[in-house]
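# Architecture at a glance
In case you want the letters, here they are:
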Amino acid sequence: MHDFDVESFLRESAQDIWDRKMPGRIPDLYAPHALVHVGTGETLHGDQQLLDRAVQCLAAFPDLHLFIDDTIYARRAATYLTSIRWTAVARNTGPSAYGAATGRRVVVTGITNARIEHGRYVEQWIELGDGDLVRQLGFDEGSVLRRLWPEEAAPEFDEILGRGTVERPGGSAHGDRPPDNNAQADVGALIGASLDAIWNRRQVGEVERFFAPHYRERGPGSRALFGREELQTHIVSLMGAFPDLQVYIDDLFWDGDPQSGARSSTRWTLLGTNTGPSAYGPPTNAFMRLSGITNHRIEEGRFVEGWTAYSELGLARRLARAAPRPHSEETESEAAP
Amino acid sequence: MTDAKGEAVGRDETKQQARKDAQTVPSPARGSENGDARAVIFDRGLDIGKMLRPGTERRQSLRGFDEDYVDIVDYIVRSTYKIWEQHGIGLIYGHYKHNAPQHGTDGNWYGRDQVIANTIQMQAAFPDLRLIADDVVWAGNGTEGFTTSHRCTLVGRNTGYSIFGPPTGRQIALRSVYHCVVRQNRVCEEWAFNDELSLIRQLGLPIRETVDKLTPPPLDSLGADTVGQIERVRGQGTPDTLPPETGRFDIEDLVRRSTHEVWNWRLLNKINDYYVENFLFHGASGREAYGRGNYTAYVLSLLAMFPDAAVYVDDLHWNGNERDGYRTAVRWTLLGTHTGPGVYGEPTNRQIQMNGITQHLVREGRYVEEWTLFNELQILQQLLCGR
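On a predicted model such as this, the values are computed, not experimentally measured, just so you know.

Cut-offs used in this document
- Residues numbered from 1 in each chain as written.
- Chains lettered and ligands numbered in written order.
- Predicted model: local features only at pLDDT ≥ 70, side-chain atom pairs only at ≥ 80, totals over all residues.
- Heavy atoms only, no water.
- Core = buried A, V, L, I, M, F, W, Y, C linked by side-chain atoms within 4.5 Å.
- Buried < 20%, exposed > 50% of the residue type's maximum accessible area, 1.4 Å probe, protein only.
- Contact = heavy atoms within 4.5 Å.
- Helix = DSSP H or I, 4+ residues; strand = E, 2+ residues; numbered from the N terminus.
- Disulfide = S-S within 2.5 Å.
- pLDDT = per-residue confidence, 0-100.
- Expected span 1.5 Å × (residues − 1).
- Pairing = 2+ DSSP bridges.
- Polar contact = N/O pair within 3.5 Å; in protein donor to acceptor, adjacent residues only side chain to side chain.
- Axes fitted to C-alpha atoms, helices over the stretch in contact; angles between N-to-C directions.

Let us now look at the nonpolar core. Grouped together as the largest cluster of nonpolar side chains are 87 residues, with contacts concentrated most on Trp263(B), Tyr295(B), Val299(B) and Tyr344(B). Apart from the residues within four sequence positions on either side, Trp263(B) is in contact with Ser258(B), Tyr295(B), Tyr298(B), Val299(B), Leu302(B), Leu303(B), Val311(B) and Leu334(B). Counting 44 residues, the second largest nonpolar core, distinct from the first, contains Leu64(A), Tyr98(A), Ala114(A) and Leu313(A).

Structure representation (structure tokens):
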């Protein structure tokens, strides 16, 4: 394990599977019981499921080329935590999960984080601009949703027994939080403090403190933000749609330090209830749990560039599921238990 | 460098201090600290190819076990692989005691031949079944025997007849936990928890009709006609009080104390003390809850349906230490009478016995993640039978 080069492992594994069309390498590159979490809310169990999925993807996009735009990794004991920012370019000449072959050329961006042990992927989180992909293919989002998750036309046997609430800060449960004086101590503290202040405590103006004036953020898909004003607008509009939203950090690692320059990768989960109007339409009262990954470039203690990836289809799926439906005999019996 | 799962967020450290009950000193049979370099732990990165050729060097004393097993985790994972993935069904003769009782989420079974019959049935329905190991929590030693708790994901395609009907051709992936008492290479007793409602749903079958079609289990095996007062509060008193905390962290005390306080005392505010902010709950039938707010709603909704519910911890073992965190396996029983509204429909006034198993991941004295399964299909049968 001493001469394990994580950087070349990341690049070569991506190249082998996609560019060299050798998905059969997956059982060598992944542990047999590896878990792969896809942003839509699906989890693939084991290398064989992943292999099947990769082959399906190649069948839809046979000339797929995967460009690696950046890699970040950190070592925690015998485990490597890694993040790859990538762009895939391909032509859709075979039928895909979204529909029949369209012949269109697509450019898709995404971020893949992973945990590597014993020189193999053990767990992986894939977030890609699937909403953008569907638009580039020329499909209608609604019909793609029905195609991917047909059973959700009928209500599921409740996802959880009760529908929960989002815990909001400021209540007695949280007590008094210590002031974030040491927000500049390291990258972890910086990200934790900025997220807590701006997102969870609604101090949106703190963007001025944590972000550089020329901050640029890309994603998901082809969305691009430039400057602090646009960022604030984006944040406030999300809060308008999900007034009780909270963002939690699931995992976070980085290289470098905030002053002299650092790159970080944050895997997060957003909880919120869609009780406000938004770009997605009138309020649906859907309870949203959205996972995503944001990578940052940090200079002089401030964020200068960011890349965010999450599944827009996953988001649309949750909103569609909560939309009111007619009360019929059939749905009644499904919901009864 | 931060630890996994949200360490960098403003997690308050103030409540970590005191949690130890002088009366519950963990006995070696209950847990293992995995202190030394040759620690016997389940290792997700390990190669099954390597596991199938593990060498002959014993890493742990295993009296009466087959020569090729190097430790108890190896025994569990590799015997599962040989019997259920490679179809070495006859190996069950050497791996189960002839009179081993099994307690399943689908009823109680008895004896080795029954294990063989059930295994064949399962493999006929899902010939390409894989049991992907997610974790093995264990306790015990080679002389007195082990208790193991094997969490895995079942992946396969339904190309044969199952108890739910003709082949559907569907791909399934569901969680199971197998809790075993193992002595001298043989499983002496087993609690098998399968996520049957998820299975029914993934096969594309309607839940209500499927439940109606299944033979209802005899009421007495479910405790439904042995109705007595559920012992949580004695007479006009309060639930049992716990001895005071002593200030030293003890994983066993955490599990027993938090279960008793949250479930039996209904002190749901304690969830904020015992669970991290971004706690992730994987429940029975594919339920997931992220965050304490959602978990609290889950607990409330169960208690609302069974207002007299009492939870008992039947068995508890663990691996880990304070530095690396703990992994626990808890077998529990919930007794309650269905007198309140909820997802099970109109109150039926029937008493149910919920048998469950929970594995926790504990870091810095608080629950970070949890996997729970219980006999939900059986409960539905119990509540809906004859309605």
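Picking up where we left off.
In this section: unusual backbone geometry. Note the cis peptide between Gly219(A) and Pro220(A), where omega equals 0 degrees. Despite not being glycine, Arg202(A) has its phi angle at roughly 60 degrees, a positive value. The topology assignment puts Arg202(A) in the loop between helix 6 (187-200) and helix 7 (207-210). According to the relative accessible area criterion, Arg202(A) is partly exposed, its value standing at 25%. Non-glycine residue Gln184(B) carries a positive phi angle of around 50 degrees. Along the polypeptide, Gln184(B) turns up in the loop between strand 6 (171-183) and strand 7 (186-194).

All names here are of chain B. Scanning the entire structure with this criterion turns up zero disulfides over all chains. Here Cys152 stays unpaired: no disulfide links it, and the sulfur of Cys180, its closest cysteine neighbor, is 10 Å away. In this structure Cys152 comes out as buried when scored by relative accessible area, which is 0%. Looking at Cys180, it has no disulfide partner, and the nearest cysteine sulfur is the one in Cys188, 9.5 Å off.

Residues and elements named next belong to chain A. Per-chain confidence: chain A averages 85 in pLDDT, with 85% of residues scoring 70 or above. Here residues 170-179 is a poorly scored stretch, pLDDT under 50, and it has 14 contacts once near neighbours within four places are set aside; other chains count. Below pLDDT 50 for its whole length, residues 324-337 participates in 22 contacts with residues either more than four positions away or in separate chains.

With that settled, consider helix 3 (residues 46-60) of chain A. Counting along an α-helix, one turn takes 3.6 residues, and residues three or four places apart therefore face a common direction. Taking 1.5 Å per residue as the helical rise, helix 3 of chain A with its 15 residues ought to reach 21 Å, and the 22 Å between its terminal C-alpha atoms agrees with that figure. Looking at helix 3 of chain A, one finds that the buried residues are Gly46(A), Asp47(A), Gln49(A), Leu50(A), Leu51(A), Ala54(A), Leu58(A) and Ala60(A).

We now examine the pairing of strand 12 (residues 302-310) of chain A. Residues and elements named next belong to chain A. Of all nine residues that make up strand 12, eight are buried, and the element is covered over most of its length. Bridge analysis of strand 7 (residues 211-218) against strand 12 gives four bridges, and the strand direction is parallel. In the strand pairing of strand 12, Arg216 is matched with Glu305. Bridge analysis of strand 11 (residues 287-299) against strand 12 gives eight bridges, and the strand direction is antiparallel. Counted as the bridge partner of Arg297 is Glu305 from strand 12. In sequence, strand 11 turns back onto strand 12 through a hairpin of two residues, with Glu300 there showing a positive phi of about 50 degrees.

Our focus in this paragraph is helix 2 (residues 72-85) of chain B. Residues and elements named next belong to chain B. Given a rise of 1.5 Å per residue, 14 residues ought to cover 20 Å, and the 19 Å separating the end C-alpha atoms of helix 2 matches this to within 8%. Counting buried positions over the 14 residues of helix 2 gives 14, a clear majority of the element. Capping the start of helix 2 is the job of one residue whose side-chain oxygen sits 3.2 Å from the backbone nitrogen of Val73: Asp71. Downstream of helix 2 by one or two residues, His87 has phi in the positive range, about 60 degrees.

The subject of this paragraph is the confidence of the model for chain B. Looking at chain B as a whole, its pLDDT mean stands at 84, while 85% of the residues score no less than 70. Segment residues 1-28 of chain B is flagged for pLDDT under 50; beyond a separation of four residues in sequence, or across chains, it makes 85 contacts in the model.

With that settled, the discussion passes to the environment of Val36(A). All names here are of chain A. Topologically, Val36 is positioned in strand 1 (residues 30-38). Judged by its relative accessible area of 1%, Val36 is buried. Considering only alpha carbons, one finds Val36 and Asp257, 221 residues apart in sequence, at a separation of 30 Å. Once you skip the residues sitting within four places of it in the chain, Val36 turns out to touch Tyr30, Glu42, Thr43, Leu44, Leu50, Gln124 and Ile126.

Residues and elements named next belong to chain A. One open sheet accounts for six strands, arranged 2-1-6-5-4-3; its pairing is mixed. Every interior strand has two partners, whereas the edge strands, strand 2 (42-45) and strand 3 (65-76), have only one. Adjacent strand axes in the sheet meet at a mean angle of 15 degrees when their direction is disregarded. Bridging between strand 1 and strand 6 (residues 120-128) involves five bridges; their strand directions are parallel. Looking across to strand 6, one finds that Val36 is bridged to Gln124. In this fold helix 1 (residues 6-19) packs onto strand 1, strand 3, strand 4 (79-91), strand 5 (105-117) and strand 6, with an angle of close to 150 degrees to the strand it touches most, strand 3. Sheet contacts for helix 4 (residues 130-137): strand 5 and strand 6; angle to strand 5, the most-contacted strand, approximately 155 degrees.

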